[in-house]
Amino acid sequence: MSRYRSRPRPTLNRLTAAAIATVACVCVSATPADATGTDTEPVVSRGVTIPAFYNPPAQLPAANGTLIRQEPLPLGLSLPGLDGRTLPGTATRLMYKSTDSSGQAVAVTGAYIEPSAQWKGDGPRPLVAVASGTMGQGDQCAPSYALEHPLTVSGETLSVGYDNLAVYRLLAAGAAVVVTDYAGLGATDRLHTYVNRLDEGHAVLDAVRAARALPGTSLTSASRVGLYGYSEGGGATASAAELQPTYAPDVHLAGTYAGAPPADLTAVMKGIDGSALVSALGWAINGFVQAYPEMRSLAEANLNDAGREALADASTMCVGESVVHYGFTRSTAWTTSGKSVADIIAAEPRAQAVLDDQRIGTLKPVGPVRVATGVQDDIVPHAQARQLALDWCRKGGNITYDAIELPNLGDRILTNHLAPLLTDQGTAISWLTDRLEGEPATSNCWTMPFQR
């Protein structure tokens, strides 16, 4: 009989142990997964049993993007088609190999959806890698899980698969879609390294490789590839576009959409502190402590008991319950000195160096990129997203920049951040579809002095 147990809420020592990136340090089971990943003790995270599929095997393949395993994935929202094919398509859950920011092998989960709709554009059916916006840090928040369970509600968690809308719109256009869960979101061997540009950029590019390797799809070697992401996903696709020439030269990008990208984490950290999404600050700290051991002593020295508890609690949360439990909290309540996390990091060169290394915009992106940002966005601040476009323009990138003009819908309550996601989505998908059809994009960098 299988034994069920809750995923433990990590202590500060667990969150900050030097070897936290290993299975032993964020282990969610008493015994490692076997070679096929069928751990006999399912993980239960905040009342949600995580399928055994998400338990990585002890040994990972060498090549990035290699499929580790696959299984059918029932979509939570689907309809029978007149021709017998399920609408919007047939989904497969994936686990594939990637490389994390420390150069170590990591298993990443996700999903591939073969659309029922025909591709009517030029060339073979294209592929879009969708990088989800912020879902949380608990394994039950994984985007692939949200495709099966668009609304996950228990007495302890609340997760909404809001990016499913973009996925379904892309499928309706006839594009195949691969969704990445990122490192540690879904896969049960580690914490999700939230807004880590290397982990996320690698996961996006390797998702493309994994989709190509999946047998029985309509993809061909000539299928054009596009990237789509907003918020955390916008940072992931922006990072992938920069990293492609060196990390994945075999993945040729026809176009990349990066909406509201968190390109400068120093600025973003100030934006989310005290907001409805303040838990994102905890997710980022948890992830960076896991990935960068030099952050351990800083966390140990500066977090008080309330901070330790908040970070441990947040590590298994999705966005829904995080807003309820911690929304509008100031990070000054989590520190021994009463200083904000941003002020503490600014005063510590080692910590600031970690954030500086996360800056997106230091490399020239490959292919055309559309950067869109709401001028009222105060969660992922507009100014730093605009600066990313400027940085890329100065490097000669093929950049389409759009400032989304909307009224102020309420300070720090997520509305100014979420509204552009919805109002600009049709334009974003249309722009990306044009790239997948082979239509060229012309940079509008010259218009930036006239755009906010």
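To start, this report covers the structure provided alongside it. Counting of residues starts from 1 at the beginning of each chain's written sequence and follows it residue by residue. pLDDT decides what is reported in this predicted model: residues at 70 or higher carry local features, side-chain atom pairs at 80 or more are listed and counted, and totals for whole chains, interfaces and linings draw on all residues regardless. The basis for the side-chain values is all heavy atoms of the structure; hydrogens and waters are excluded.

## Some points on the overall build of the protein chain
Each helix and strand in the protein chain was counted, giving 15 helices and 16 strands. Relative to the compact-globule value of 22 Å for 452 residues, the protein chain shows a C-alpha radius of gyration of 20 Å, a close match. Across its three principal axes, the protein chain shows a C-alpha extent of roughly 60 × 60 × 40 Å. Per-residue burial for the protein chain yields a buried fraction of 63% across its 452 residues. We call two residues in contact whenever any of their non-hydrogen atoms come within 4.5 Å of each other. A fraction of 78% describes how many contacts in the protein chain between residues 6 or more apart in sequence connect residues 24 or more apart. Each helix corresponds to a stretch of at least 4 residues labelled H or I by DSSP, and each strand to a stretch of at least 2 residues labelled E; elements are numbered beginning at the N terminus. Atoms counted for the radius of gyration: C-alpha only. Globule rule: 2.2 Å times the number of residues to the power 0.38. When a residue's accessible area, from a 1.4 Å probe over protein chains only, is under 20% of the maximum for its type it is buried; when over 50% it is exposed; and in between it is partly exposed.

## Focus on helix 13 (residues 382-394)
The length a helix should cover is 1.5 Å for every residue beyond the first. With 13 residues, helix 13 ought to run about 18 Å at 1.5 Å a step, and its terminal C-alpha atoms sit 19 Å apart, in line with that. Within helix 13, 10 of the 13 residues are buried, which leaves the element mostly enclosed by the surrounding structure. Lining the buried residues of helix 13 we find helix 5 (232-247), helix 6 (265-272), strand 15 (369-374) and strand 16 (399-404). With its phi angle positive at about 85°, Gly-396 sits one or two positions after the end of helix 13.

## Here we look at the sheet that holds strand 13 (residues 225-230)
With mixed pairing, the nine strands of this open sheet are ordered in space as 4-7-8-12-9-13-14-15-16. Two strands in the sheet have a free side with no partner beyond their single neighbour: strand 4 (67-73) and strand 16. Within this sheet the neighbouring strands show an average axis-to-axis angle of 20°, counted without direction. Pairing between strands is defined by DSSP: at least two bridges between the two strands are required. Pairing of strand 13 with strand 14 (residues 253-259) involves six bridges; the strand directions are parallel. Looking at the pairing, Leu-227 lines up with Thr-256 of strand 14. Each axis is a line fitted through C-alpha atoms, and for a helix only the stretch in contact is used; angles between axes span 0 to 180 degrees, taken between their N-to-C directions. Docked against the sheet, helix 15 (residues 425-436) engages strand 9 (127-131), strand 13, strand 14, strand 15 and strand 16, running at close to 165° with respect to strand 14.

## Here we look at helix 10 (residues 319-326)
Every buried residue of helix 10 is listed here: Val-319, Gly-320, Glu-321, Ser-322 and Tyr-326. Against the buried residues of helix 10 lie strand 11 (158-160), helix 7 (279-291) and helix 9 (305-314). Positive backbone phi, at 75°, marks Phe-328, one or two positions downstream of helix 10.

## A look at the side chain of Arg-125
Within the secondary structure, Arg-125 sits in the loop between strand 8 (105-115) and strand 9. Definition of a polar contact: a pair of N or O atoms within 3.5 Å, with one able to donate and the other able to accept a hydrogen when the atoms are protein atoms, and with sequence-neighbouring residues admitted only if both atoms are side-chain atoms. A polar contact is formed between the side chain of Arg-125 and the side chain of Ser-218, at a distance of 2.7 Å. Dropping the residues within four chain positions of it, Arg-125 is found in contact with Glu-114, Pro-115, Ala-117, Gln-118, Trp-119, Gly-174, Ala-175, Ala-176, Ser-218, Leu-219 and Ser-223.

## Observations concerning the state of the cysteines
Cysteine sulfur atoms that come within 2.5 Å of each other are treated as a disulfide pair. Applying the stated criterion across every chain yields a total of two disulfides. Between Cys-141 and Cys-318 runs a disulfide, and the two sulfur atoms are separated by 2.1 Å. Taking the sign of the torsion about the S-S bond as the criterion, the disulfide between Cys-141 and Cys-318, at about -100°, is left-handed. Taken together, the residues span a long stretch of sequence, with Cys-141 in the loop between strand 9 and helix 2 (143-148) and Cys-318 in the loop between helix 9 and helix 10 at a distance of 177 residues. You can call Cys-141 buried: its relative accessible area is 0%. Disulfide partner of Cys-393: Cys-445, at an S-S distance of 1.9 Å. The S-S bond linking Cys-393 to Cys-445 shows a torsion near -85°; that makes this disulfide left-handed. Residue Cys-393 is located in helix 13, and its partner Cys-445 is located in the segment after helix 15; the two are separated by 52 residues in the primary sequence.

## Some details on the pattern of salt bridges
Basic side-chain nitrogens of Lys or Arg form a salt bridge, by our definition, when they fall within 4 Å of a carboxyl oxygen of Asp or Glu. Per the counting criterion, the structure on display carries 17 salt bridges. We note a salt bridge from Arg-359 to Asp-391, for which the minimum N-O separation is 3.5 Å. Of the two residues, Arg-359 is situated in the loop between helix 12 (349-357) and strand 15 and Asp-391 in helix 13; the sequence distance between them amounts to 32 residues. Each of Glu-71, Arg-93 and Glu-148 takes part in a single network of salt bridges with overlapping partners.

## Examining the packing of helix 3 (residues 164-172) against helix 15
At their nearest, the axes of helix 3 and helix 15 sit 11 Å apart, and the two run at 40° to each other. Here helix 3 lies oblique to helix 15, going by the angle between them. The hand of the helix 3/helix 15 crossing is right-handed. For the pair helix 3 and helix 15, contact is made by Leu-165, Ala-166, Arg-169 and Leu-170 and by Gln-425, Gly-426 and Ile-429, respectively. Classes in brief: Ala, Val, Leu, Ile, Met, Phe, Trp, Tyr, Cys and Pro nonpolar; Asp, Glu, Lys and Arg charged; the others, Gly included, polar. Its residues placed into classes, the contact of helix 3 with helix 15 shows four nonpolar, two polar and one charged. Roughly parallel here means an angle under 35 degrees, roughly antiparallel means over 145, roughly perpendicular means 65 to 115, and every remaining angle is called oblique. Definitions for this section: a left-handed crossing has its near helix turned counterclockwise from the far helix by less than a right angle. A right-handed crossing has that turn clockwise.

## Some details on the nonpolar core
Of all hydrophobic cores here, the largest spans 46 residues; its most connected members are Tyr-112, Leu-127, Val-178 and Leu-227. Among the elements that make up this core, the one with the highest residue count is helix 4 (residues 197-213) (eight residues). Apart from the residues lying within four places of it in its own chain, the contact partners of Leu-227 are Ala-129, Val-204, Val-208, Thr-237, Ala-240, Ala-241, Leu-253, Gly-255, Thr-256, Tyr-257 and Leu-432. What we call a nonpolar core is a set of buried Ala, Val, Leu, Ile, Met, Phe, Trp, Tyr and Cys residues that are connected through their side-chain atoms within 4.5 Å.

## Thoughts on the side chain of Ser-159
In this fold, Ser-159 is placed in strand 11. Owing to a relative accessible area of 4%, Ser-159 belongs among the buried residues under this scheme. What Ser-159 contacts, discounting residues up to four positions off in sequence, is Met-135, Gln-140, Cys-141, Pro-150, Leu-151, Thr-152 and Cys-318.

## Section: unusual backbone geometry
Omega for the bond connecting Leu-87 with Pro-88 falls within 30 degrees of zero, at 10°, which places this linkage in the cis form. By the element assignment, Pro-88 lies in the loop between strand 6 (86-87) and strand 7 (89-99). Its identity is not glycine, yet Val-195 carries a phi of approximately 50°, on the positive side. Along the polypeptide, Val-195 turns up in the loop between strand 12 (176-183) and helix 4. For Val-195, a relative accessible area of 12% translates into the label buried. With a phi close to 85°, Leu-414 is a non-glycine residue in the positive phi region. Here Leu-414 lies in the loop between strand 16 and helix 14 (415-423).

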